[in-house]
Amino acid sequence: MAVCIAVIAKENYPLYIRSVPTQNELKFHYTVHTSLDVVEEKISAVGKAMADQRELYLGLLYPTEDYKVYGYVTNSKVKFVIVVDSSNTSLRDNEIRSMFRKLHNSFTDVMCNPFYNPGDTIQSKAFDGMVSAMMVQAS
């Protein structure tokens, strides 16, 4: 499904980035960081419209020739970015929402760990395993 999954802190530094295939890792880092501008635009536009009732799922941030980039923001302003291969036309919006929901639940589990210091990079094996299950297995 996904070729890159990233968790970005409130201050816009990466807490976790994982991509498949690994030879394009730098390209995906660039894609994720360029998507943060679109995320900030959508947050500020939604913030002006409704103060309290904010939709966490931001939808399609932008498509490229090869990939589609989707975004999600938590109430604590932590951003999730999922990059999906554009050739995968069978992927629906509700499936992307489901992926973000799983990612958010797993991120919440990491935050609830008393040994995790908020702001550190995420090194949880359970979180990594959940992300691996969502990633495309490159052949």
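Details of the structure are given in the entry above.
Bear in mind the structure is a predicted one, so any value in this text is a computation, not a measurement.

J.: Would you mind going over the overall build of the protein chain in detail, with residue names and values included?
T.: Counting its secondary structure elements, the protein chain contains three helices and five strands. Counting from the amino terminus, helix and strand elements in the protein chain follow one another as β-β-α-β-β-β-α-α. Against the globule reference of 14 Å for 139 residues, the protein chain gives a C-alpha radius of gyration of 14 Å, in line with a compact fold. Structurally, the protein chain occupies a C-alpha span of about 45 × 35 × 25 Å along its principal axes. Taken over 139 residues, the protein chain has a buried fraction of 41%. Partitioning the contacts of the protein chain with sequence separation of at least 6, the portion at a separation of at least 24 is 55%. In the structure as shown, the protein chain presents an accessible area of about 8000 Å², 51% of it carried by carbon and sulfur atoms. With 14 positive and 15 negative side-chain charges, the protein chain shows a spacing of 4 Å between the two charge centroids.

J.: Any chance you could break down unusual backbone geometry for me, citing the residues and the numbers?
T.: Following valine 20, the chain continues into proline 21 via a peptide bond in cis, with omega recorded as 0°. Its location among the elements puts proline 21 in the loop between β2 (14–19) and α1 (25–49). You will see that asparagine 12, though not glycine, has its phi angle at about 70°, which is positive. Looking at the secondary structure, you find asparagine 12 in the loop between β1 (2–8) and β2. Within the chain, lysine 77 stands out as a residue other than glycine whose phi angle is a positive 70°.

About the cut-offs
Residues numbered from 1 in each chain as written. Predicted model: local features only at pLDDT ≥ 70, side-chain atom pairs only at ≥ 80, totals over all residues. Heavy atoms only, no water. Helix = DSSP H or I, 4+ residues; strand = E, 2+ residues; numbered from the N terminus. Rg over C-alpha atoms; globule rule 2.2 N^0.38 Å. Buried < 20%, exposed > 50% of the residue type's maximum accessible area, 1.4 Å probe, protein only. Contact = heavy atoms within 4.5 Å. Areas by Shrake-Rupley, 256 points an atom, 1.4 Å probe, with all protein chains shown as cover. Lys, Arg positive; Asp, Glu negative; His and termini not counted. Charge placed at Lys NZ, Arg CZ, Asp CG, Glu CD.

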